[in-house]
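Secondary and tertiary structure notes
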Amino acid sequence: MSKPTQKILSHIFLLLGVSIVLRFGLLKLIGEDLPTIVRILSSLAILILGAVFVLTRSAELIEETTEVLSEKTKLAGGLLQSFGTAFPDMVLGVSAAFISLSLRVTDYERAINFAIIAAATTFGSNIYNIGHAAWCVWRQNLANSSSQITPMFPFIKSGGRLTPMKDHRRKPLLAEFNTASLVLMSLTVLTTFVAVSMVLFGRIQSPPLKIAEDLYQLSAPVGWVLLALCLITLFRFRKTERPGTETEIVNSEENQFRHNPSWLIWLALAGSGISIFFAAESMVRGIEVISTISGTPFVISGILAGIIGCLGEMIVVHNFSINPGGRIGDAIVGVAMDNIVTITGASIVAIMGGIFLGGSSLIIIFVLILCLNTTLIWQIGELKNFFLKNQ
């Protein structure tokens, strides 16, 4: 067995080991019979280890494997990238829904709390993904218009720098910008469909007493329709816009999986998925403990948990933006696809009966998503105009 293969296997087993420690070790230290300080410290340890190590490392591993699969299958790199990077927040939402269903009979109020976490995590992550992508493209547009290297974050040198497109060694394709705008428009339509459906068909007549506002559910029939629409959208944009060549592959950044057997790629994908699942369940329970002890509304905790779920996609978009290798087109398509995949996960959670949102949180979350979608489409248009003017 070669050293690169041994390195990959050790990485996979390390991920599995840490996630197993979270699920079957630290999770036992947040029980209600333990001191409050122990529960809080254990929950924080779960969230930090899960987010900083398991989710981000798994997302990077999935990103590399899906890159090779894109070369082999000719599927869109953004589509395969999205399946990898959207998996963490999808699993967080599905895990919260599973917990909600398990409590539905014995503790209905607590089950609703987990269902709110599921919805806020699933949809809240879209806010961060789209907002961060809009920021990256805006900074790239500033670099293009000024013809100067521009820092990603003003006054923060460690955040990376954006190179004007005229100096990139490899340019993105205009077709990728068109695809990104179309996928974002589809995301806007799907998000609107979800919000309107919850208001028209999902109002709960007798919410738990501790919930002072109207409560809305994304019902299972609507979930099935949403799932079909998401799958149709993903199928529509499944093909790559970039005709890969062997020269491009050789000259691109070296991928550790490119010269390894196929079984290792699938093993890495399976190991990453299992690691994410164990970590996600532990993190959802840790979020609930911290919310209960601190009195934080569960919708706020869920939205904050969305940061955890979308770290992988944000890292990918950031790296593709500051790396002058023509990958910003992949990044934009990928972030749009990522949110379609996330809504696919939300539809699965809805089918399971695990998505609820209060009236004010429903309005805020969906208005922010729609606003940021429009902002990103505008910035993509500005980037496309730059290319058209400089052809």
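Residues numbered from 1 in each chain as written. Predicted model: local features only at pLDDT ≥ 70, side-chain atom pairs only at ≥ 80, totals over all residues. Heavy atoms only, no water.

**Looking at the overall build of the protein chain**
The test is simple: The numbering of helices and of strands both runs from the N terminus, where a helix is a DSSP run of H or I of at least 4 residues and a strand a run of E of at least 2. Burial status follows relative accessibility: with a 1.4 Å probe on protein chains alone, a residue under 20% of its type maximum counts as buried, one over 50% as exposed, and anything between as partly exposed. What makes two residues a contact is simply this: any of their non-hydrogen atoms within 4.5 Å. Where accessible areas are quoted, they stem from the Shrake-Rupley method and a 1.4 Å probe; at the residue level, only the protein chains shown are allowed to cover.
Scanning the protein chain from terminus to terminus reveals 11 helices and four strands. Per-residue burial for the protein chain yields a buried fraction of 55% across its 391 residues. Taking as baseline every contact in the protein chain between residues at least 6 positions apart, the subset at least 24 positions apart corresponds to 80%. For the protein chain, the computed accessible surface area is about 17100 Å², with 67% contributed by carbon and sulfur atoms.

**Observations concerning the packing of helix 1 (residues 3-24) against helix 8 (residues 262-294)**
For clarity, the cut-off: Simply put, an axis is a line fit to the C-alpha atoms, just over the touching stretch for a helix, and the angle between two N-to-C directions goes from 0 to 180 degrees. We call two directions roughly parallel when the angle between them is under 35 degrees, roughly antiparallel when it is over 145, roughly perpendicular when it lies between 65 and 115, and oblique otherwise. Left-handed describes a crossing in which the near helix is turned anticlockwise from the far one by less than a right angle; the clockwise case is right-handed. For this classification, Asp, Glu, Lys and Arg are treated as charged, while Ala, Val, Leu, Ile, Met, Phe, Trp, Tyr, Cys and Pro are nonpolar and the rest, including Gly, are polar.
Two elements in contact, helix 1 and helix 8, have axes whose closest approach is 8 Å; the angle formed by their N-to-C orientations is 20°. Relative to helix 8, the element helix 1 lies roughly parallel. You can see that helix 1 and helix 8 cross each other, and the crossing is left-handed. Here helix 1 contributes Thr-5, Ile-8, Leu-9, Ile-12, Leu-15, Leu-16, Ser-19, Ile-20, Leu-22, Arg-23 and Phe-24 to the contact with helix 8, which in turn contributes Trp-263, Leu-264, Leu-267, Ala-268, Gly-271, Ile-274, Ser-275, Phe-278, Ala-279, Glu-281 and Ser-282. Broken down by class, the residue content of the contact of helix 1 with helix 8 amounts to 15 nonpolar, five polar and two charged.

**A short note on the packing of helix 5 (residues 174-201) against helix 6 (residues 220-236)**
Two elements in contact, helix 5 and helix 6, have axes separated by 11 Å at closest approach and are oriented at 175°. Judged on the interaxial angle alone, helix 6 and helix 5 are roughly antiparallel. Mapping the contact onto sequence places Ser-186, Leu-190, Phe-193, Val-194, Ser-197 and Phe-201 in helix 5 and Val-222, Val-225, Leu-226, Leu-229, Cys-230 and Thr-233 in helix 6. Looking at side-chain class alone, the contact of helix 5 with helix 6 contains nine nonpolar, three polar and no charged residues.

**As for the pairing of strand 2 (residues 156-162)**
Rules: DSSP calls a pair of strands paired once it identifies at least 2 bridges connecting them.
As defined by bridge partners, strand 1 (residues 150-153) adjoins strand 2 across three bridges and the pair is classed as antiparallel. The partner of Thr-150 across the bridge, within strand 2, is Leu-162. Hairpin remark: strand 1 followed by strand 2, antiparallel, with two residues in the connecting loop; positive phi at Phe-155, about 70°.

**Observations regarding the confidence of the model for the protein chain**
Condition: A score from 0 to 100, pLDDT tells how confident the predictor is in each residue.
Confidence along the protein chain averages 80 in pLDDT terms, with 85% of residues attaining 70 or more. Summarising per-element confidence for the protein chain, the mean pLDDT is lowest in helix 7 (residues 246-251) (42) and highest in helix 6 (90). Confidence drops under pLDDT 50 across residues 245-252; counting only partners more than four residues distant or on other chains, this segment forms six contacts.

**Here we look at the pattern of salt bridges**
Short version of the rule: What counts as a salt bridge is simple: a side-chain nitrogen of Lys or Arg found within 4 Å of a carboxyl oxygen of Asp or Glu.
Tallying each qualifying case throughout the model produces one salt bridge. A salt bridge links Arg-203 to Asp-214, with the nearest nitrogen and oxygen atoms 3.2 Å apart. With Arg-203 in the loop between helix 5 and strand 3 (215-217) and Asp-214 in the loop between helix 5 and strand 3, this pair connects stretches of sequence that are 11 residues apart. For Arg-203, a relative accessible area of 41% translates into the label partly exposed.

**Let's talk about a nonpolar patch on the surface**
So the rule is basically this: Nonpolar side chains (Val, Leu, Ile, Met, Phe, Trp, Tyr) are joined into patches within 5 Å and like charges within 9 Å, using only residues with over 30% relative accessible area and no salt bridge.
Together, Ile-37, Leu-41, Leu-44, Ile-48 and Val-52 give the surface a local cluster of nonpolar side chains, amounting to about 490 Å² of exposed area. Of note, Leu-44 is situated in helix 2 (residues 36-73).

**Some remarks on unusual backbone geometry**
Unlike most non-glycine residues, Ser-147 shows phi in positive territory, near 55°. Looking at where Ser-147 falls in the secondary structure, it is placed in the loop between helix 4 (108-146) and strand 1. Among the residues examined, Ser-147 registers a relative accessible area of 40% and is labelled partly exposed.

**Describing the nonpolar core**
Nonpolar side chains in soluble globular proteins tend to be buried together. Here is the rule: As used here, the term nonpolar core means buried Ala, Val, Leu, Ile, Met, Phe, Trp, Tyr and Cys residues forming a set that is joined through side-chain atoms within 4.5 Å.
Core analysis: the biggest nonpolar cluster contains 110 residues, and Phe-123, Met-198, Met-283, Phe-366 and Leu-376 have the highest contact counts within it. Top element by residues in this core is helix 4. It accounts for 17 residues. Here Phe-123 is in contact with Val-194, Ile-343, Ala-346, Ile-355, Ile-365, Phe-366 and Ile-369, once residues within four sequence places are set aside.

**Concerning helix 10 (residues 328-352)**
Rules: Here, expected helix span is obtained from the residue count minus one, scaled by 1.5 Å.
Across its 25 residues, helix 10 extends 36 Å between first and last C-alpha, which sits within 8% of the 36 Å expected from 1.5 Å per residue. Within helix 10, 23 of the 25 residues are buried, leaving the element largely enclosed by the surrounding structure. Positive phi shows up at Gly-353, right after helix 10, with a value of about 85°.

**Looking at the packing of aromatic side chains**
Which entries qualify depends on this criterion: Ring pairs shown here join Phe, Tyr and Trp side chains whose ring centres sit within 6.5 Å, with only the six-membered ring taken for Trp; geometry is labelled stacked below 30 degrees between planes, edge-to-face above 60, and tilted in between. The criterion for a charge sitting over a ring is simple: Lys NZ or Arg CZ within 6 Å of the ring centre, and within 35 degrees of the ring normal.
All told, the structure shown has six aromatic pairs when counted by the stated rule. For the pair Trp-135 and Trp-138, a centre-to-centre distance of 5.1 Å together with 65° between the ring planes defines the contact as edge-to-face. With a gap of three residues between them, Trp-135 and Trp-138 both fall in helix 4, about one helical turn apart. The exposure class of Trp-138 is partly exposed, given its relative accessible area of 34%. Among the aromatic residues, those joined into a ring-pair cluster are Trp-135, Trp-138 and Phe-153. For the cation-ring pair, Arg-23 lies above Phe-24, with the distance from its terminal atom to the ring centre recorded as 4.9 Å. It is Arg-139 that lies over the ring of Trp-138; its NZ or CZ is 5.4 Å from the centre.

**Some details on the environment of Leu-231**
Structurally, Leu-231 is set in helix 6. Taking C-alpha positions, Leu-231 is 7.5 Å from Thr-344, a pair spaced 113 residues apart along the chain.

**Structural notes on the side chain of Gln-217**
In this structure, Gln-217 sits in strand 3. Here Gln-217 is in contact with Met-198, Gly-202, Ile-204, Gly-353, Ile-355 and Phe-356, once residues within four sequence places are set aside.

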